[in-house]
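For reference, the chains in residue letters:
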Amino acid sequence: MSNIPIARPVEAPASTGGARPEDAPRGLGSTAILALGTFAVGTDAYVVAGFLPAMARSLHVSESAAGQSATVFAITYAVLSPVLATLLARVPRRALLVGALAVLTVANLGSALAPDFGWLMASRVLAALGAAAFTPNAGAVASSLVAPAQRARALAVVIGGLTMATALGVPLGDLAGRVLDWRMALGLVAALCAVAAGGVLAAMPALPGAPPIPLRRRLAALRDPAVLAILPLTVAGIAAGYGLYAFAVPVLRALGSGPSEEAWLLFLYGVGAVLGNLFSGATVDRHGAVRVQAVGFTGLAVTLAAFAWAAHAGVRLLPLTAVLMVAWGAATWFQTPAQQVRLINAAPDETAVVIGLNAAALYGGIALGTALGGLLLPSGAAPALAAAAVLALLCLPYLWATRRFGRAA
């Protein structure tokens with residue numbers, strides 16, 4: 001689940017293998033297949049939330065336990081992403097991308113055929129390995145396939161696959177889980193990963209690997225006081241906003257939504273996520289990252305508190321739920337571009353490294369949030385939502401205390 005939008009254009013990373021710009025295709029069409037790959041990766045990360053109750057019943061575990069499949073995916077991605085970036089740096093890019101999608105194909109087939117919960121968890125670890133290998137390198141390759149003036153657009157095309165997965169992955173999983181079966185839905189995700197792997201193999205030119213950035217250099221950025229001050233906000237903010245999204249179906253049912261309404265309500269969350277991300281990216285340069293984040297965290301705290309009130313009071317107004325779903329998605333993903341800008345400003349000479357660390361911190365936040373959601377949800381949707389609202393509110397004083405870090409030079 002790697003929804004990490006690019007906040008601003010950067011130079012092509014070294015992992016492109018030093019391919020000369022004149023040797024690369026100059027059109028954006030060659031990057032479309034990479035967008036299909038990121039869509040497959042994002043769908044793999046998000047789709048489970050759509051059929052969580054059915055999967056829990058089939059595997060004879062609670063919904064809280066089943067939701068920890070998202071936690072283990074996120075932890076694996078967060079811990080191993082910088083390690084894989086170092087270990088696989090010399091692997092030719094096309095082989096690396098195809099191999100990562102092949103791993104995702106096998107992992108999703110394993111999830112679809114899982115005879116028990118332990119097998120499912122193991123297959124989610126394998127899927128996280130594939131996702132951590134594919135997503136960062138897809139952006140690097142996209143930037144090397146086009147002329148320098150088109151790099152930002154190429155990155156937007158590739159990241160567009162992830163944002164579309166945010167909007168469509170969970171509602172498609174919910175729909176497929178009801179019309180077909182959750183195992184069949186994961187089988188379709190495996191087929192999508194296989195198609196993307198075949199497309200990359202057929203369409204991508206051969207690009208060599210590159211000298212790796214040592215792991216100690218990636219982690220050395222954590223000694224920078226500004227980076228160290230900013231990153232915890234990624235963890236806390238995503239934990240507050242995204243933690244309960246893995247349990248979105250049980251939360252919606254606590255608000256009185258039925259199966260016929262879940263798919264489009266989940267879609268509204270995705271619409272809000274895309275719009276919030278785009279609006280945030282467009283306003284950071286004008287108003288400053290800290291102000292944008294303050295608006296985002298305030299909106300998130302208010303939205304989650306309203307959800308908690310509705311669940312506690314037994315309010316069953318579908319229009320209110322629809323508005324809150326859009327606001328939830330927008331406020332959760334409103335913070336990501338601003339965080340990236342602050343980190344880039346804090347360490348402008350280590351852009352690729354700090355963006356990678358932010359991705360790891362984001363998945364760490366997802367792991368923390370889903371773990372807390374799994375612990376709190378058995379006590380009821382209202383207390384779990386209230387706890388998430390409090391965590392979002394606590395982000396504001398931390399933001400204020402660290403506001404001097406990551407300002408534009």
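Structure: see above.
A quick note: this is a predicted structure, and the numbers were derived from the prediction, not measured.

Rules used in this analysis
- Residues numbered from 1 in each chain as written.
- Predicted model: local features only at pLDDT ≥ 70, side-chain atom pairs only at ≥ 80, totals over all residues.
- Heavy atoms only, no water.
- Helix = DSSP H or I, 4+ residues; strand = E, 2+ residues; numbered from the N terminus.
- Buried < 20%, exposed > 50% of the residue type's maximum accessible area, 1.4 Å probe, protein only.
- Contact = heavy atoms within 4.5 Å.
- Areas by Shrake-Rupley, 256 points an atom, 1.4 Å probe, with all protein chains shown as cover.
- Salt bridge = Lys/Arg side-chain N within 4 Å of Asp/Glu carboxyl O.
- Patch = residues over 30% accessible without salt bridge, like charges linked within 9 Å, V, L, I, M, F, W, Y side chains within 5 Å.
- Core = buried A, V, L, I, M, F, W, Y, C linked by side-chain atoms within 4.5 Å.
- Domains from an automatic or database assignment.
- Phe/Tyr/Trp six-rings, centres within 6.5 Å; stacked < 30°, edge-to-face > 60°.
- Lys NZ or Arg CZ within 6 Å of the ring centre and 35° of its normal.
- Expected span 1.5 Å × (residues − 1).
- Axes fitted to C-alpha atoms, helices over the stretch in contact; angles between N-to-C directions.
- Parallel < 35°, antiparallel > 145°, perpendicular 65-115°, else oblique.
- Nonpolar A, V, L, I, M, F, W, Y, C, P; charged D, E, K, R; others polar.

A.B. asks: I'm lost on the overall build of the protein in this one. Help?
C.D. replies: On a plain count of helices and strands, the protein comes out with 16 helices and zero strands. Out of the 409 residues belonging to the protein, those deemed buried represent 57%. Within the protein, counting contacts between residues at least 6 apart in sequence, those at least 24 apart form 89% of the total. Put simply, the protein shows about 15,500 Å² of open surface, and 71% of that area lies on carbon and sulfur atoms.

A.B. asks: Quick question: what am I supposed to make of unusual backbone geometry here?
C.D. replies: One can expect most non-glycine residues to show negative phi and most peptide bonds to be in trans. The phi dihedral of His60 is positive, around 60°, even though this residue is not glycine. With respect to the helices and strands, the residue His60 is situated in the loop between α2 (52-59) and α3 (63-87). We classify His60 as exposed; its relative accessible area is 73%.

A.B. asks: What should I look at first to understand the pattern of salt bridges in this one?
C.D. replies: Think of it this way: side chains of opposite charge can pair up when their charged atoms draw near. If you walk through the whole model with that rule in mind, you get two salt bridges. Of the charged contacts, one joins Arg124 and Asp44 as a salt bridge, the two residues approaching to 3.1 Å between their closest N and O atoms. On the criterion of sequence distance, the pair formed by Arg124 in helix α5 (residues 117-144) and Asp44 in helix α1 (residues 32-46) is long-range, its members being 80 residues apart. Side by side, Arg124 and Asp44 carry an identical accessibility label, which is buried. Across the salt bridge formed by Arg253 and Glu262, the nearest N and O atoms sit 2.6 Å from each other.

A.B. asks: How should I be thinking about a nonpolar patch on the surface in this particular structure?
C.D. replies: On the surface, Leu175, Val179, Leu180, Met184 and Leu188 cluster together into a nonpolar patch covering about 480 Å² of accessible area. With respect to the helices and strands, Leu188 occurs in helix α7 (residues 182-203). Note on Leu188: relative accessible area 46%, which makes it partly exposed.

A.B. asks: Quick question: what am I supposed to make of the nonpolar core here?
C.D. replies: The tendency in soluble globular proteins is for nonpolar side chains to be buried as a group. Residues Leu34, Met55, Met325, Trp328 and Leu385 are the most contacted members of the largest nonpolar core, which totals 97 residues. Among the elements that line this core, the one with the most residues is α5, at 10 residues. Two domains each donate at least three residues to this core, and these are domain 1 (27-212) and domain 2 (214-408). Ignoring anything within four residues of it in the chain, the contact list for Leu385 reads Leu244, Val251, Leu304, Phe307, Ala308 and Ala311. Core analysis: the next-biggest nonpolar cluster, separate from the first, contains 14 residues, Ala229, Leu231, Leu343 and Ala346 among them.

A.B. asks: Please clarify how the packing of aromatic side chains should be interpreted in this entry.
C.D. replies: In this description, a pair of aromatic rings is defined by centroid distance and the angle of the planes. Here the structure, examined in full by the defined rule, presents 10 aromatic pairs. Here a set of aromatic residues connected by ring pairs shows up, and it is made of Tyr242, Tyr245, Tyr269, Phe307, Trp328 and Trp333. One cation-aromatic arrangement involves Arg403 over Trp400; the distance from NZ or CZ to the ring centre is 3.8 Å.

A.B. asks: Honestly, α7 in this entry has me stumped. Any pointers?
C.D. replies: The α-helix winds at 3.6 residues per turn, so residues separated by three or four positions along the chain end up facing the same way. Taking 1.5 Å per residue as the helical rise, α7 with its 22 residues ought to reach 32 Å, and the 31 Å between its terminal C-alpha atoms agrees with that figure. Within α7, burial applies to Trp182, Ala185, Leu186, Val189, Ala190, Cys193, Ala196, Ala197, Gly199 and Val200.

A.B. asks: Can you walk me through the side chain of Asp44 in this structure?
C.D. replies: Among the residues examined, Asp44 registers a relative accessible area of 0% and is labelled buried. When neighbours within four sequence positions are excluded, Asp44 is seen to be in contact with Phe73, Leu104, Asn108, Arg124, Ala127 and Val189.

A.B. asks: Can you walk me through the environment of Phe267 in this structure?
C.D. replies: Tracing the chain through its elements places Phe267 in helix α11 (residues 259-287). Taking the C-alpha atoms as reference points, Phe267 and Leu168, separated by 99 residues in sequence, lie 6.1 Å from one another. Look past the residues within four positions of Phe267 in its chain and what remains in contact with it is Ala167, Leu168 and Pro171.

A.B. asks: Please clarify how the packing of helix α9 (residues 225-242) against helix α13 (residues 318-333) should be interpreted in this entry.
C.D. replies: Packed helices, taken two at a time, are described by the angle between their axes plus the distance between the axes. It is at 9 Å that the axes of α9 and α13 come closest, and there the two elements cross at 170°. With respect to α13, the element α9 is oriented roughly antiparallel. Only Trp328, Thr332 and Trp333 of α13 make contact with α9, whose side of the interface consists of Ile238, Gly241 and Tyr242. Its residues assigned to classes, the contact of α9 with α13 shows four nonpolar, two polar and no charged.

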